[in-house]
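# Tertiary structure, described
So you can see what is in the structure, the chains are spelled out below.
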Amino acid sequence: MKARAVQSGDGPNWHERIENPINLKAKTPRVAQQTAERKLDSAQAVLATVAREFESKLGEDIDELERLFAIWAVDRSARNLAAMQGVIHDLRGQGKTFGFDLITEIGASFSRYLQEREQLRPVSEELVRQHVEAIRAIHRRDIRGEGDRLAQAVVGALHQAVDRVLDRVRG
Amino acid sequence: MRTVLSRVLQMLGIKQIEIARDGLEAFDMVGTFHPDIIILDWEMVPMNGPDFVRRLRLDEESPNPYLPVIMVTGYTERRKVEEARDAGITEFLAKPVSTQGLYSRLIAIIENPRPFIRTRDFFGPDRRRVQNSKYDGPERRVGEEVVL
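Computed from a predicted structure; not experimentally measured.

With that settled, the discussion passes to the overall build of chain A. On a plain count of helices and strands, chain A comes out with six helices and two strands. When the helices and strands of chain A are placed in sequence order, the string is β-β-α-α-α-α-α-α. What you see for chain A is a C-alpha radius of gyration of 23 Å, clearly larger than the 16 Å of a compact globule of 171 residues, by over 25%. Dimensions of chain A, computed from C-alpha atoms along their principal axes, come out at roughly 60 × 50 × 35 Å. A fraction of 55% describes how many contacts in chain A between residues 6 or more apart in sequence connect residues 24 or more apart.

Below, the discussion takes up the confidence of the model for chain B. All names here are of chain B. Per-chain confidence: chain B averages 85 in pLDDT, with 86% of residues scoring 70 or above. Below pLDDT 50 for its whole length, residues 142-148 participates in 10 contacts with residues either more than four positions away or in separate chains. For this predicted complex, the interface score ipTM comes out at 0.76, alongside a pTM of 0.78.

Residues and elements named next belong to chain A. Within the fold, aspartate 75 resides in the loop between helix H2 (33-74) and helix H3 (78-95). For aspartate 75, a count of 9 C-beta atoms within 10 Å puts it in the exposed group. For the pair aspartate 75 and glutamine 7, spaced 68 residues apart in sequence, the C-alpha separation works out to 59 Å.

Residue and element names in this part refer to chain B. Spatial strand order, E1-E2-E3: three strands in an open sheet with parallel pairing. Each of the sheet's edge strands pairs with one partner strand only, and the pair in question is strand E1 (38-41) and strand E3 (91-94). The sheet shows a mean angle of 25° between the axes of neighbouring strands, taken without regard to direction. Taken together, the four bridges between E1 and strand E2 (residues 69-73) define a ladder with parallel strand orientation. Bridge pairing in E2 places isoleucine 39 opposite isoleucine 70.

It is worth spelling out the packing of H2 of chain A against H3 of chain A at this point. Two quantities define a packed helix pair, namely the angle between the axes and the distance from one axis to the other. All names here are of chain A. Interaxial distance between H2 and H3 falls to 9 Å at its minimum, and their mutual angle equals 155°. Our classification of the angle between H2 and H3 gives roughly antiparallel. The two elements H2 and H3 cross, and the hand of that crossing is left-handed. Of H3, the residues touching H2 (which contributes Phe54, Asp61, Glu64, Leu65, Leu68, Phe69, Ile71 and Trp72) are Asn80, Leu81, Ala83, Met84, Val87, Ile88, Leu91 and Gln94.

Before going further, it helps to spend a moment on the nonpolar core. One finds Leu40, Val69 and Met71 of chain B to be the most contacted residues of the largest nonpolar core, which totals 26 residues. When residues of this core are traced back to their parent elements, those giving at least two are H2 of chain A together with helix H1 (2-11), helix H2 (23-32), E1, helix H3 (49-58), E2, helix H4 (78-87) and helix H5 (99-111) of chain B. At four residues, the largest contribution of residues to this core is made by E2 of chain B. Contact partners of methionine 71 of chain B, with chain neighbours within four places excluded, come to Leu40, Trp42, Gly49, Ala84, Ile89, Phe92 and Leu93 of chain B. Membership of the second largest hydrophobic core comes to 25 residues, among which are Phe69, Ile106, Phe110 and Val155 of chain A.

A separate point is the sheet that holds strand E2 (residues 15-19) of chain A. Pairing is antiparallel in the open sheet, where four strands are placed in the order E1(A)-E2(A)-E4(B)-E5(B). Each of the sheet's edge strands pairs with one partner strand only, and the pair in question is strand E1 (4-8) of chain A together with strand E5 (123-125) of chain B. When strand polarity is set aside, the average angle formed by the axes of neighbouring strands in this sheet is 20°. Sheet topology note: the E2 of chain A/strand E4 (residues 116-118) of chain B ladder contains three bridges and is antiparallel. Residue pairing in the sheet places glutamate 16 of chain A in a bridge with arginine 118 of chain B of E4 of chain B.

A word on the interface of chain B and chain A. Counting from both sides, the interface comprises 33 residues of chain B and, opposite them, 32 residues of chain A. For the side of chain B that touches chain A, the secondary structure elements donating two or more residues are H1, H5 and E4 of chain B. The element contributing the most residues to the side of chain B that touches chain A is H5 of chain B, with six residues. Per-class residue counts for the side of chain B that touches chain A are 17 nonpolar, five polar and 11 charged.

With omega at 5°, the peptide bond leading from lysine 95 of chain B into proline 96 of chain B counts as cis. Structurally, proline 96 of chain B is set in the loop between E3 and H5. Positioned with a positive phi, aspartate 142 of chain A is a non-glycine residue whose angle comes to about 50°. For aspartate 142 of chain A, the position within the fold is in the loop between helix H5 (125-140) and helix H6 (149-170). For aspartate 142 of chain A, a count of 10 C-beta atoms within 10 Å puts it in the exposed group.

What counts as what
- Residues numbered from 1 in each chain as written.
- Chains lettered and ligands numbered in written order.
- Predicted model: local features only at pLDDT ≥ 70, side-chain atom pairs only at ≥ 80, totals over all residues.
- Helix = DSSP H or I, 4+ residues; strand = E, 2+ residues; numbered from the N terminus.
- Rg over C-alpha atoms; globule rule 2.2 N^0.38 Å.
- Contact = placed C-beta atoms within 7 Å.
- pLDDT = per-residue confidence, 0-100.
- Buried ≥ 20, exposed ≤ 12 C-beta atoms within 10 Å, placed from the backbone.
- Pairing = 2+ DSSP bridges.
- Axes fitted to C-alpha atoms, helices over the stretch in contact; angles between N-to-C directions.
- Parallel < 35°, antiparallel > 145°, perpendicular 65-115°, else oblique.
- Left-handed = near helix turned anticlockwise from the far one by under 90°.
- Core = buried A, V, L, I, M, F, W, Y, C linked by C-beta atoms within 7 Å.
- Nonpolar A, V, L, I, M, F, W, Y, C, P; charged D, E, K, R; others polar.

Next comes the structure, spelled out in structure tokens:
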């Protein structure tokens, strides 16, 4: 079935409206409410399992991050930085979903620094170290959710440190 | 997060799932795998989520500019939500991801698809989620305030 397109308006108000260009409803099998609820329960159980897996593997992931940081500190190649960035990206992506909001927050701060700095400027080892150590501290102290005031202050200080470095870069 | 979403989707009954490493690979896969829905992260390198959606919607060589897109992101600031909406995303799913949140967006896309709108500077799902049938003022599609 071809989608119906209707044009209206003139000049800057011109627009075209296309109704239901992809009819997914037609190709989606109908499922009973009970079946849908069962599937949702199964999906919820899977998410809980993945959360446990994330938690049990978090220490190993941070070990890996520290190992990659040590390698990068000696050989500051783009490849070594990207490897570290990959681990932090994954931790950041999952942290909040599995209860470690501050790890996501620290990962976001780290990504912001790498994205907004000028590419030709060297990456600050001290700033990277602070981010890695903060992630380790959150895990070691098992700080869940938004954490206590001290933990929030540490994360806030990281954001400020990134701001300062970026301000310097921008002149 | 890709693996997490993949496992949750399988449990929800989605049988064919393909994972792309980044926006560039995802764009290629739209033409080869022919997905019904795309779920993507905002943060991707080398092509981030909004850039991917803009290309999907506007590139003359886009294999499917109407493809529904769910953007998963930790960003919840209004500016970011508006940027994603203006790029042409279909649904926004804020982290932490929940099965109910993901499910409800899939259902919205299937059961209540929004029309696509093309203006001189936008192409994507209608940004007006609320249709006011009593409104009898002038039609404005440029520089308008819209309901999120």
